[in-house]
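If you want the building blocks of each chain, they are given just below.
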Amino acid sequence: MRMRLKLKTVFVLYFTVSLLGLIYALMQLGQRCDCRGHDMSKDQQISQLRGELQKLQEHIKTELNKKTDVPKIYVITPTYARLVQKAELTRLSHTFLHVPQLHWIVVEDAPQPTLLVTDFLAASGLTYTHLHKLTPKDRKLQEGDPSWLKPRGAEQRNEGLRWLREMGAAAEGKEAAALEEAVVYFADDDNTYSLQLFEEMRYTYRVSVWPVGLVGGMKFERPVVEDGKVVRFHTGWRPNRPFPIDMAGFAVSLRLILTSPQARFDGDAQMGFLESSFLQHLVTMDELEPKADLCTKVLVWHTRTEKPKMKREDALQKQGLGSDPDVEV
Ligand code: UGA
Ligand code: MN
């Protein structure tokens, strides 16, 4: 009896499954196949294939970007609290996210790390070190001072250098060998950087240089190269400075920084001499390594962000209707 029941169950199951299979097969017969290729013209097929090729090329590029066997770039950025700070840092971080092997050293001009920058960096997805160093009051620009009166970011860049030298002294073995290859770049928080710039500077033996766009009241400033060597500088102002070059226009090998402890930025330097105060400890003009197609391409721009006007905000605040101060801008 039990045996017969079992056989019956098996039979019913078998019948149901076969029936379902048959229904499914019949349903498929009525469907149109996904054969877009047949209905497309040759031109459409070509453009579809082109699209696919482009996607594949982009994929290969992003995979290549993950490469780890290239010299590291340490980027030192001075930054200070103001209305546009988070916007500047956002723009900068989105550039850096596309650069392989980049370590961002952010140095706040503040007595202690701020919550805004701390939270921002934690969420940035970048490898970073967060430092701070307050510019002493007598060296800092005061409200109403012309922007050229005192150098900006000098103490912060020196703090970044201090951290690098401390790290360099502590490194051993493989880590120390990797530092030999690394390069250091000073990236202000308001400039505009192309991705190509970082690949140009990545292999720097001593100091590499390139043009900077929209700086010094010129379309661009640049080192002038003859027979592969820098022979002078194209600049509109005091071309006889030791290095008439903007901060954004050079990168230095970490090895050179580690072996030249005297090299630092002079916070008391005269206008336009901040870069020279650092570089003259490290190289001669003859030793500069021209990049960006022998300094013929502009890959970084000395852009400056307009200070936002707060006329309406101030007016509303007087009526107690100002923007919610708990919202971070
Ligand atoms: C130009 C150069 O591009 C700077 O690299 C150089 O430091 C400056 O001149 C100078 O001669 O000192 P500029 O656009 O005038 O730049 O300077 P900012 O962009 O206002 O400041 C340079 C960096 O220092 C920025 O990253 C900024 O966030 C930071 N900074 C500025 C501070 O950390 N504290 C300040 O009080 C002001
Ligand atoms: Mn600037």
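One can find the structure itself at the top, above this paragraph.
Everything numeric in this text was worked out from a predicted model, so none of it was measured. (Residues numbered from 1 in each chain as written. Chains lettered and ligands numbered in written order. Predicted model: local features only at pLDDT ≥ 70, side-chain atom pairs only at ≥ 80, totals over all residues. Heavy atoms only, no water.)

> Residues and numbers for the sheet that holds strand β3 (residues 127–132), please.
Pairing in this open sheet of 7 strands is mixed, and the strands run β3-β2-β1-β4-β10-β6-β11 from one edge to the other. Two strands close off the open sheet at either side, each with one partner strand: β3 and β11 (289–290). Its contacts with the sheet place helix α4 (residues 85–96) against β1 (73–79) and β2 (102–108), and it is angled at close to 165° to β2. (Pairing = 2+ DSSP bridges. Helix = DSSP H or I, 4+ residues; strand = E, 2+ residues; numbered from the N terminus. Contact = heavy atoms within 4.5 Å. Axes fitted to C-alpha atoms, helices over the stretch in contact; angles between N-to-C directions.)

> Before we move on, could you go through the side chain of S208 and cite the residues and values that matter?
Checked against the element boundaries, S208 lands in strand β6 (residues 207–209). For S208, a relative accessible area of 0% translates into the label buried. Side-chain polar atoms of S208 contact the side chain of T204, separated by 2.8 Å. Excluding residues within four positions of it along the chain, S208 makes contact with M201, G249, F250, A251, E289 and K291. (Buried < 20%, exposed > 50% of the residue type's maximum accessible area, 1.4 Å probe, protein only. Polar contact = N/O pair within 3.5 Å; in protein donor to acceptor, adjacent residues only side chain to side chain.)

> Explain the nonpolar core residue by residue, including any values.
Of all hydrophobic cores here, the largest spans 39 residues; its most connected members are Y74, V207, F250 and F278. Among the elements that line this core, the one with the most residues is helix α6 (residues 154–170), at 5 residues. In contact with Y74, not counting residues within four places along its chain, are H103, I105, W163, L164, M167, L179, A182, V183, V184, Y185 and L254. Among the nonpolar cores identified, the runner-up in size contains 29 residues, and F198, V212, A251 and A292 belong to it. (Core = buried A, V, L, I, M, F, W, Y, C linked by side-chain atoms within 4.5 Å.)

> Tell me about unusual backbone geometry, and please be specific about residues and values.
For A292, which is not a glycine, the phi torsion comes out positive at approximately 55°. One can find A292 in helix α11 (residues 292–295). At C295, a residue that is not glycine, the phi angle is positive and equals roughly 65°. Inspection of the secondary structure assignment puts C295 in helix α11. Classification of C295 as buried rests on a relative accessible area of 0%.

> Got a sec to walk through the packing of α4 against helix α5 (residues 115–122)? Specific residues and values, please.
Packing of α4 against α5 leaves a shortest axis separation of 11 Å and a crossing angle of 20°. One element, α4, and the other, α5, form an angle in the roughly parallel class. α5 is crossed by α4, and the crossing has right-handed handedness. Contacts between α4 and α5 involve Q85, K86, L89, T90 and S93 from the first element and L116, V117 and F120 from the second. In the contact of α4 with α5, the residues fall into 4 nonpolar, 3 polar and 1 charged. (Parallel < 35°, antiparallel > 145°, perpendicular 65-115°, else oblique. Left-handed = near helix turned anticlockwise from the far one by under 90°. Nonpolar A, V, L, I, M, F, W, Y, C, P; charged D, E, K, R; others polar.)

> Got a sec to walk through the site of ligand 1? Specific residues and values, please.
Taken together, 19 residues form the shell around ligand 1, and within it P78, D109, R152, D188 and D246 come nearest. Within the backbone of P78, one N or O atom sits 2.7 Å away from an oxygen atom of ligand 1. Interatomic distance of 2.4 Å between a side-chain N/O atom of R152 and an oxygen atom of ligand 1. For ligand 1, whose unbound accessible area comes to 690 Å², protein coverage reaches 89%. Taken together, the elements giving at least two residues each to the shell around ligand 1 come down to β1 and α6. When the residues that make up the shell around ligand 1 are grouped by side-chain class, the tally is 5 nonpolar, 4 polar and 10 charged. (Near = heavy atom within 4 Å. Areas by Shrake-Rupley, 256 points an atom, 1.4 Å probe, with all protein chains shown as cover.)

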